Amino acid sequence: MKWYSASDYYKDLFGTKVYKLAIDAGCTCPTRDGSLGTRGCIFCSPSGSGDFCSDRRLSVSEQIEAAKILVSKKLKTGLALDDGRGDRFPPEQKKSSPKYIAYFQNFTNTYGDEKILTEKYKEALACPDVAGISIATRPDCISDSILKEIAKLPGYVSIELGFQTASEESARYIRRGFTDEVYFDAVKRIKALAPDVHIVTHLIFGIPGEKEEDMLASVKAVVNAGSHGVKFTVLHVLSGTDLARDYGEGKFSCMEKEEYFYVLKKALELLPTDMVVHRLTGDGPKKILIAPMWTADKKRVYNDLMAYLKSRL
């Protein structure tokens, strides 16, 4: 089975391997600031899913330099680095001058003072060796005005939309805070107002109560919406979340590894050949990961997944 990986996509685009640097823009979310709630999405960690970000008290430039040093240390020690598709670059492939994507990762990075946020995007793009930026956000937090500013940015830009599921029932359970139609509208508006922006959609498999057909329906919805890329992950239970409480009370069980692989294979078969797979599987921070523990060893998970897919060609 062949899919268009993020590694190949970036190599086609920039001619080299690209590493992501997690940046904290100092944002919050409407599900946390009282607009829609105060406890966030049910699965989201207290850091807003930015457990690998730099210190938000630093400037964007300072965060990027600090993240580069961390990448450099990992390269020198031969530790593996994520290339965005779920596998890792072997050390021998890291000898050329690296390029970076500044990834505004945690919370909602189009939610706040749009002038300040735009300046942060520009600051990131102006940093040495930064090939582009990726902005993680919610479909209900993208105004036409900020899209017009994003369209003016001098470089590669990706917007990552937290959609997670097309099931409205599941969306209510995870406290997503917007309907499917808001997501579809956001994709249309991005394409209309910022046509050069690469759109990536996040999906979670294993939300309590969802069956295989529900997960695949979510994939079909993302394809039909016209998203340029997709990120897959299995549902993680992290300490400090309300999901952890439900898990502790025995209200649901997490997907087993082969169960996830089975659904993921079917999902990949639904994708157009030009749709970029930016992630095949995620890994929660080990310090706060409660379940499923099979995700803790990402390299082994990726190798097992490749073997699974190859055995079922």
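Residues numbered from 1 in each chain as written. Predicted model: local features only at pLDDT ≥ 70, side-chain atom pairs only at ≥ 80, totals over all residues. Heavy atoms only, no water.

1. Considerations on the overall build of the protein chain
- Across its full length, the protein chain holds 10 helices and 12 strands.
- Within the protein chain, the fraction of its 313 residues that count as buried is 54%.
- Put simply, of all contacts in the protein chain between residues at least 6 apart along the chain, 79% involve residues at least 24 apart.
- Surface summary for the protein chain: the accessible area is close to 14,000 Å², and the carbon and sulfur share equals 51%. (Helix = DSSP H or I, 4+ residues; strand = E, 2+ residues; numbered from the N terminus. Buried < 20%, exposed > 50% of the residue type's maximum accessible area, 1.4 Å probe, protein only. Contact = heavy atoms within 4.5 Å. Areas by Shrake-Rupley, 256 points an atom, 1.4 Å probe, with all protein chains shown as cover.)

2. With respect to the nonpolar core
- In this structure, Ile133, Phe205 and Phe232 are the most contacted members of the largest nonpolar core, which totals 69 residues.
- When neighbours within four sequence positions are excluded, isoleucine 133 is seen to be in contact with Ile101, Ala102, Phe104, Tyr121, Ala124, Leu125, Leu153, Tyr156, Val157 and Ser158.
- Membership of the second largest hydrophobic core comes to 14 residues, among which are Phe43, Ile207, Val237 and Ala244. (Core = buried A, V, L, I, M, F, W, Y, C linked by side-chain atoms within 4.5 Å.)

3. With respect to helix α9 (residues 257-269)
- Helix length check: α9, at 13 residues, gives a terminal C-alpha distance of 19 Å against a target of 18 Å (1.5 Å per residue), a fit within 8%.
- Looking only at α9, the buried set comprises Tyr260, Phe261, Val263, Leu264, Lys265, Ala267 and Leu268. (Expected span 1.5 Å × (residues − 1).)

4. Section: the environment of asparagine 106
- Mapped onto the secondary structure, asparagine 106 falls in the loop between β5 (99-104) and α3 (114-125).
- Taking C-alpha positions, asparagine 106 is 8.0 Å from alanine 25, a pair spaced 81 residues apart along the chain.
- At 3.0 Å, the side chain of asparagine 106 forms a polar contact with the side chain of aspartate 24. (Polar contact = N/O pair within 3.5 Å; in protein donor to acceptor, adjacent residues only side chain to side chain.)

5. Overview of the pairing of strand β6 (residues 130-137)
- Among the eight residues that make up β6, eight are buried, leaving the element largely enclosed by the rest of the structure.
- Note: β5 against β6, five bridges, orientation parallel. Looking across to β6, one finds that tyrosine 103 is bridged to serine 134.
- Handedness of the β-α-β unit built from β5, α3 and β6 comes out right-handed.
- Judged from the six bridges that link them, β6 and strand β7 (residues 156-164) form a sheet pairing that is parallel. Along β7, the bridge assignment pairs threonine 137 with leucine 161. (Pairing = 2+ DSSP bridges. Right-handed = clockwise from strand over helix to strand, strands pointing away.)

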